[in-house]
Amino acid sequence: ETHQQYQHVRQALEDDQFRRYLRDAKDLHDDDNVPGLSEENQQLLDDVVMGIHGDGRGIARVCCVQLFVKTVEPRLSTRLHKGSNDPSNFSWVHGWSLRTLDDSFGEKAIGVELDEHNLLLSNTRGGGVMTRALAESEPYTPLFGMALEGPRESWLEIVERLENDAIDAEAGLLYFLKRLFDEREVIEEGVAEARAAAELFEDTDPAIGDVEQLLFDHMEQADRQAKLLEVAAHSLLQAVEDADGLPGALKRLEELTAANRRGGTSTREAEDVGDIEIENPEDESLLHTWDAKYVDVDRSELSGLTEKLRNNPSVERAGFVAVEQPDVDDDAAELEEDIADDFGIDVEYLSLTEFREDYVDNAEVSIEPRDWLVAYVETLGRQRMDRALVRQSPVTWLESLVELIEDETGEEVDNDVDGHVTSSDSDTPDELQSGIEDFS
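Computed from a predicted structure; not experimentally measured. (Residues numbered from 1 in each chain as written. Predicted model: local features only at pLDDT ≥ 70, side-chain atom pairs only at ≥ 80, totals over all residues. Heavy atoms only, no water.)

Student: What's the story with the confidence of the model for the chain in this structure? I'm lost.
Tutor: Predicted coordinates in areas of low pLDDT are best not read in detail. Residues at a pLDDT of 70 or more form 86% of the chain, whose mean pLDDT is 85. The secondary-structure element of the chain with the lowest mean pLDDT is helix α7 (residues 132-135), recorded at 69, while helix α3 (residues 39-50) shows the highest, at 97. (pLDDT = per-residue confidence, 0-100. Helix = DSSP H or I, 4+ residues; strand = E, 2+ residues; numbered from the N terminus.)

Below you can see the structure in the form of C-alpha cells.
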C-alpha cells in the first residue's frame, strides 16, 4: 500500500506537477499575492525559507519535499524519510525515499528543479538530504535530537502540523515556493547594488593592488573566509582568461564536498585536485591546480594532494593559495620531497598577492582592476554560473562589500538601483521580509 502511494508521488513528478506548482508560485511572487494560510503558519514557513541565507539550506530542501509529498499523497508520513524495496537496505514499514525525490529522480526531482531555477542550491553531492544529521535513521520528530544548524524548531513544528492536519499542505507548498522566488529577487537586487558599488570604487581610479586590499578587507570581516578567498582567486583568473592570458582553460569553480564529509574535511574525489584549476582545452588534462587555504597547510593536505596527483600525471603546477603565504607543518617536508620525486613538481605556497603577481604582473597580462572586482561580485551573486557556482546565499557577503566600498569612497549607493530595490515580501512581519535589511 505504501509502495503504491509512493509511486503516486513519483508519477506526479513525472507528470510535471511540481513544475506547475513552481509556475503558480512564480505568479504569486510576480503579483505579490499570498495563498490562504494563517499568519502563524506563514511565519513558520518564513523561518525555514530565511534559513537559506545561513545554515538552513538542507532543512529547506527537506521541507519542500515534505510539503509536496503531503500535497500529492496525504497518507504518507513526512517523518519516515527512508524506504527501499531492497531488504539489504535500511527502511521503515510505510517509509519512502526522500533522497530519491530530492535528487535521484533525474531532471524532474524536486531539488534538481530548485537548483535549475536558482532558488535553493544543495551544498553536497547527492542533494540536501546528504548531510549526516538529515540522513540519520531516526524519524523526523521533535524527539529526534539531531545536531542541526538553522531553523530546526520551526521546521519540526511544520512536520508536526503536516502530520496533524494543522496546515494546508498545498497552500504551504505554494507559499514556500513563492517565498523562495522572493528571496531570489533579494539576491538579484543585492548584486545590482554591489555592481553599483563597484562603479563607485572604479571612479576612484584604483590600481589592482587597491582591489586586492578591498577583497582582503572583505574576507577579514566576513564569515566563511575560505570560500571568499577561493572566489577571489578564481575571479582573478576569470579576468586573466578574458584577456587571453592563461596557459589553458579555466575550469568551472564548483563546490566538491562529498556526501560523506567528516570532521570538517572534504572527502573530494581523487580525480578532482584543487579548488582552482587550469586544464589543457584539447584533452582536458590538468595543468595547474590550487587549493585556497585560509588556515595553515597540514600533513593531511599534502597526503591528499599526493593521492589526487596519482590520477592526474599531467599537472605541471600544484599548490596552495592563502591571504598570506601559508605556514606548513614541520613534518610535511618529507611528503614534499616525495611529491617532487614521484610527480616532478614542487608544491608551491603562495599568498594571494603572489598569486596575482604570478598570473598578471610576471606574465605581463593586462587587465583592468575593475574586471577583477566585477568578476568577484558576479561570481558571488551567481551571475556567472557557467564559470563558477557558489552555492551559499551571498546576501550578507554582498551587503558587507557594499558597506566597505561606501566607507572607502565616502559615497552611498543609490537604494533604487536598476529601478527598484524593494522588499521581497509584503505580507509577513518586517523582520522576515528579506535576507538583508539594506536590500529591502
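Back to the write-up after that little detour.
Student: I would appreciate a short explanation of the nonpolar core in the present structure.
Tutor: In summary, soluble globular proteins display a tendency toward joint burial of nonpolar side chains. Grouped together as the largest cluster of nonpolar side chains are 55 residues, with contacts concentrated most on Phe-18, Phe-68, Leu-114, Tyr-140, Trp-155, Phe-176 and Leu-177. Of all the secondary structure elements, the ones that give two or more residues to this core are α1 (2-14), α2 (17-31), α3, α4 (57-72), α5 (98-104), α6 (110-116), α8 (152-163) and α9 (169-202). Apart from the residues lying within four places of it in its own chain, the contact partners of Phe-68 are Val-9, Ala-12, Leu-13, Gln-17, Phe-18, Tyr-21, Ile-110 and Leu-173. Counting residues in hydrophobic clusters, the runner-up holds 54 residues, among them Leu-373, Ala-388, Val-390 and Trp-397. (Core = buried A, V, L, I, M, F, W, Y, C linked by side-chain atoms within 4.5 Å. Buried < 20%, exposed > 50% of the residue type's maximum accessible area, 1.4 Å probe, protein only. Contact = heavy atoms within 4.5 Å.)

Student: What exactly am I supposed to notice about the pairing of strand β3 (residues 286-292) here?
Tutor: Side-chain direction in a regular strand flips from residue to residue, so the side chains alternate between the two faces of the sheet. Most of β3 is tucked away: seven of the seven residues are buried. Pairing between strand β2 (residues 276-279) and β3: four bridges, direction antiparallel. Following the sheet pairing, Glu-279 is matched in β3 by Leu-286. Remark: six residues form the turn of the hairpin made by β2 and β3, two consecutive strands paired antiparallel; Glu-284 in that turn has positive phi of roughly 65°. Chirality of the crossover, the property in question, places the unit of β3, helix α12 (residues 299-310) and strand β4 (residues 317-322) among those that are right-handed. (Pairing = 2+ DSSP bridges. Right-handed = clockwise from strand over helix to strand, strands pointing away.)

Student: Would you mind showing me how to read the side chain of Glu-212 here?
Tutor: Checked against the element boundaries, Glu-212 lands in helix α10 (residues 208-220). With near-sequence residues (within four places) excluded, Glu-212 lies in contact with Leu-352, Thr-353, Arg-356 and Trp-372.

Student: Is there a simple way to think about helix α15 (residues 369-380) in this case?
Tutor: Its 12 residues give α15 an end-to-end C-alpha distance of 17 Å, which sits within 8% of 16 Å, the value for a rise of 1.5 Å per residue. If you check which residues of α15 are buried, you get Pro-369, Trp-372, Leu-373, Val-374, Ala-375, Tyr-376, Val-377, Glu-378, Thr-379 and Leu-380. Positive phi shows up at Arg-382, right after α15, with a value of about 60°. (Expected span 1.5 Å × (residues − 1).)

Student: Explanation requested: the side chain of Thr-71 in the structure shown.
Tutor: One can find Thr-71 in helix α4. Within polar-contact distance, the side chain of Thr-71 engages the backbone oxygen of Leu-67 at 2.7 Å. Setting aside chain neighbours within four positions, we find Thr-71 in contact with Tyr-21, Ala-169, Glu-170 and Leu-173. (Polar contact = N/O pair within 3.5 Å; in protein donor to acceptor, adjacent residues only side chain to side chain.)

Student: When you look at unusual backbone geometry in this model, what are you seeing that I'm missing?
Tutor: If a residue is not glycine, its phi is most likely negative; likewise, a peptide bond is most likely trans. Even without a glycine there, the phi angle at Asp-16 is positive, about 70°. Structurally, Asp-16 can be placed in the loop between α1 and α2. The phi dihedral of Asp-32 falls on the positive side, at around 55°, and the residue is not glycine.

Student: Sorry, what's going on with the packing of α10 against helix α11 (residues 225-242) here?
Tutor: In a packed pair of helices, the relevant descriptors are the angle between the two axes and the axis-to-axis distance. Two elements in contact, α10 and α11, have axes whose closest approach is 9 Å; the angle formed by their N-to-C orientations is 160°. Taken together, the axis directions place α10 and α11 in an arrangement best described as roughly antiparallel. Along this stretch, α10 crosses α11, giving a crossing that reads as right-handed. On the side of α10, the interface is formed by Leu-215, His-218, Met-219 and Glu-220, while α11 contributes Gln-225, Leu-228, Leu-229 and Ala-232. When its residues are assigned to classes, the contact of α10 with α11 shows five nonpolar, two polar and one charged. (Axes fitted to C-alpha atoms, helices over the stretch in contact; angles between N-to-C directions. Parallel < 35°, antiparallel > 145°, perpendicular 65-115°, else oblique. Left-handed = near helix turned anticlockwise from the far one by under 90°. Nonpolar A, V, L, I, M, F, W, Y, C, P; charged D, E, K, R; others polar.)

Student: Sorry if this is basic, but what is going on with the packing of α11 against helix α14 (residues 352-361) here?
Tutor: Two elements in contact, α11 and α14, have axes whose closest approach is 11 Å; the angle formed by their N-to-C orientations is 10°. Classed by the angle they form, the pair α11 and α14 counts as roughly parallel. In this structure, α11 meets α14 at a crossing whose hand is right-handed. Here Leu-229, Ala-232, Ala-233, Leu-236, Leu-237 and Val-240 of α11 come into contact with α14, specifically with Leu-352, Phe-355, Arg-356, Tyr-359 and Val-360. Of the residues in the contact of α11 with α14, the class split is 10 nonpolar, no polar and one charged.

Student: Can you help me understand the packing of aromatic side chains in this one?
Tutor: When we look at a pair of aromatic rings, we describe it by the centre distance and by the angle of the planes. Per the counting criterion, the structure on display carries six aromatic pairs. Ring centres 5.6 Å apart and planes at 90° place the aromatic pair Phe-18 and Phe-68 in the edge-to-face group. Taken as a pair, Phe-18 in helix α2 and Phe-68 in helix α4 lie far apart in primary sequence, 50 residues in all. There is no split in this pair, since Phe-18 and Phe-68 are both buried. Here the aromatic rings of Tyr-21 and Phe-68 are separated by 6.4 Å at their centres, their planes lie at 80°, and the arrangement is edge-to-face. Here Phe-68 lies in helix α4 and Tyr-21 lies in helix α2, a separation of 47 residues in the sequence. With respect to class, Tyr-21 is no different from Phe-68; both count as buried. A network of ring pairs unites the aromatic residues Phe-18, Tyr-21 and Phe-68 as a single cluster. (Phe/Tyr/Trp six-rings, centres within 6.5 Å; stacked < 30°, edge-to-face > 60°.)

Student: So what exactly am I meant to see when it comes to the pairing of β2 here?
Tutor: Neither face of β2 is open: one carries Ile-276 and Ile-278, the other Glu-277 and Glu-279, and all of them are buried. Across two bridges, strand β1 (residues 249-250) lies against β2 in antiparallel orientation. Across the sheet, residue Leu-250 finds its bridge partner in β2, namely Ile-278.

Student: Explain the environment of Trp-96 here, please?
Tutor: By the element assignment, Trp-96 lies in the loop between α4 and α5. Discounting residues that sit within four places of it in the chain, Trp-96 has contacts with Tyr-6, Val-65, Val-69, Leu-76, Ser-77, Thr-78, Leu-80, His-81, Lys-82, Gly-83 and Leu-101. Engagement of the side chain of Trp-96 in a polar contact is seen with the backbone oxygen of Ser-77, the distance being 2.6 Å.

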